[in-house]
Every structure is written in C-alpha cells, then in structure tokens.
Amino acid sequence: MTPYIGITGFTTPEEVAAVIQSLPSSPERLLMCGVLLSNALLNGGISDAPGRCPLPVSIAGIFSSDPRCLNLVHYRPRAEADLANVLARAVAVGGVNCHGVQINATRGAPWPDPIALQQFRDRCHPRRIVLQVGGEAMKAAESRPNEIACRCALYEGIVTDVLVDASEGMGVPLDAQRTIRHLAAIAEAAPSMDLVVAGGLCADNLDALLSSLLSEWAGVSIDAEGRLRDSDDRLDVAAASAYLTTALNLLDPAY
C-alpha cells in the first residue's frame, strides 16, 4: 500500500486545507489526516482532551476529498465494547471520505480480538486498518520484539498497517535502534503488513530520529501528534506544515 506521512489531531476542515497546501501535486506518499474520536464525546460526555477531539458530528466534515489524503478515524475502544460494532460506528462517524480506522491501544486490553477485527473488516471494507502497538501492548509482550511480532502476525490479512508507537501521542522521541528491532521482527513474522513508526516527531528532529531507521526501512510510514500542538493543545498548523515539508524532503524523492 502507498506509504504515508501522518498528522494526527486535526479538528477543523480549515486546518486540513492549510496543511494540504504544502503537498506537491503528485506526492509519492499520502498525507494521513488523523482525527481523534473520543469515547466520552461519542457517548454524550465531556472529553478530557478538548483541543484534540472534535465533536463526533463534525468529523465527517473535517476529512477532505483530496486524493492525496488518507483519512483515518483514530479510536480507542473500551475494553468491554463490542469491537466490531464500535469500529463500524467509528468509520460511519467519519463519513464518505473516511478511508478506515487506526485502533489505538485499549487500556487493559491492548491487543484487540482478531476475530472481531475480521468481522469489522468484512462488514465495512475499510481501505486501511492501522493497529497501534503502544507501550502497554509492548509491556504485555514483555517488550520482546519476537513476541510482539508473533502477536502482530495474528492480524495478518486483517490489519493493513502496524504502528510501532511507544509515545502514543505524548511527544516522547522514538528510540530508533529499538524500533528497528521491532520492525525487523514484525516484517519477518507478518510480511504482508505495512509498517508505521511514531514518537515525538516534528520538523526539528526528523532527520536525527529517523536517519538510521530510514537507511534500512525507507518505505516505512510515519505519524506525528504530540509535538505538533500549541500551548492550548491545539494543532499548530505552522508546525504541522513545517513537519510535512521536512518529511517530504526526507522521504519523497520526487519532492
């Protein structure tokens, strides 16, 4: 599948339109526009991250129809949820321009049921399903790359992408050498899956954090969230655009 440069935390269509201006007409990579779907807001409550989570009713309008965009709802299901049904609800909230879902690690149940994910896939036929392997998922696998890879292999043919993300949107810089070990193990155990990395990425540190990783994994997708926020925890469009431009220079030979 086409690799992407991800920005997570869009809350308005104006933010998306502003960042898209930094894209070339025919990029080698898609811009992944990630919108966070809050369980609290979805169920009529109040979000604990109002700067990052738009009202569910507004999400469909945030996603662009621009073919250079990959539009994903980022959703953290509750442990007790009927997984297939809540994921179907999440992509429905995303509207006609939603291409799929990123499943963020559920607290207490970081490895979702593969059978339920297959049911969701069969029902909704999303273009992309990204599985976040975060800190809790790694801990559940004793942080052993081979154990993490074996667990990822259970989703082969269901999940399209695996995201190695110990930071989980908190801006903690990725450990390149540790991440390389995870990527190598996952690629061997589940060769059909595409790979994504995240962890404290921004324009100022992309080369430093990714140069050694990209020498071995040039086709990996990337995603950024935590370090693209302003002091009010809202998307900093200038920082997001700078990150996108820097990433294109680093990752897209045609740019």
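Placed above this text is the structure.
Residues numbered from 1 in each chain as written. Predicted model: local features only at pLDDT ≥ 70, side-chain atom pairs only at ≥ 80, totals over all residues. Heavy atoms only, no water.

**Comments concerning the pattern of salt bridges**
Under the definition given, this model contains six salt bridges. One salt bridge connects R52 with E225, and the closest N-O pair in it is separated by 2.7 Å. Note that R52 is positioned in the loop between α2 (39-42) and α3 (56-62) and E225 in the loop between β8 (221-224) and α10 (237-251), a separation of 173 residues in sequence. Under the relative-accessibility criterion, E225 is labelled buried at 16%. Linking R229 and D233 is a salt bridge whose minimum nitrogen-to-oxygen distance equals 3.8 Å. Assessed through its relative accessible area of 25%, D233 is described here as partly exposed. (Salt bridge = Lys/Arg side-chain N within 4 Å of Asp/Glu carboxyl O. Helix = DSSP H or I, 4+ residues; strand = E, 2+ residues; numbered from the N terminus. Buried < 20%, exposed > 50% of the residue type's maximum accessible area, 1.4 Å probe, protein only.)

**Concerning helix α4 (residues 83-94)**
For α4, with 12 residues, the first-to-last C-alpha span of 17 Å sits near the 16 Å given by 1.5 Å per residue. Counted residue by residue, α4 has nine buried out of 12 residues, so it is predominantly covered. Within α4, the full set of buried residues consists of L83, A84, V86, L87, A88, A90, V91, V93 and G94. Residues of α4 that are buried in the fold lie against β2 (30-37), α2, α3, β3 (69-75), β4 (100-103) and α5 (114-124). (Expected span 1.5 Å × (residues − 1). Contact = heavy atoms within 4.5 Å.)

**Structural notes on unusual backbone geometry**
A positive phi angle is found at H125, which is not glycine, with a value near 50 degrees. Mapping H125 onto the fold places it in the loop between α5 and β5 (128-133). Residue H125 is classed as exposed on the basis of its relative accessible area, which comes to 62%. Positioned with a positive phi, D233 is a non-glycine residue whose angle comes to about 65 degrees. Locating D233 in the fold gives a position in the loop between β8 and α10.

**Looking at the state of the cysteines**
Disulfide: a covalent bond connecting the sulfur atoms of a pair of cysteines. Following the criterion strictly, the structure yields zero disulfides and no others. The thiol of C98 is unpaired, and the distance to the nearest cysteine sulfur, on C124, comes to 9.6 Å. Take C98: its relative accessible area is 15%, and that puts it in the buried class. Left without a disulfide partner, C152 is nearest to the cysteine sulfur of C150, which lies 9.3 Å away. Here C152 falls in the buried class, since its relative accessible area comes to 0%. (Disulfide = S-S within 2.5 Å.)

**What to know about the nonpolar core**
Counting residues in each nonpolar core, the largest one holds 75 residues, and the members touching the most others are I7, F10, L31, Y75, L201, I222 and Y243. At eight residues, α4 tops the list of elements feeding residues into this core. Among the nonpolar cores identified, the runner-up in size contains nine residues, and Y4, L30, L70 and L72 belong to it. (Core = buried A, V, L, I, M, F, W, Y, C linked by side-chain atoms within 4.5 Å.)

**So, the packing of aromatic side chains**
What the rule picks out here adds up to one aromatic pair. A centroid spacing of 6.3 Å and a plane angle of 20 degrees characterise the contact between W111 and Y155, whose relative ring orientation is stacked. Taken as a pair, W111 in the loop between β4 and α5 and Y155 in the loop between α7 (145-153) and β6 (161-164) lie far apart in primary sequence, 44 residues in all. (Phe/Tyr/Trp six-rings, centres within 6.5 Å; stacked < 30°, edge-to-face > 60°.)

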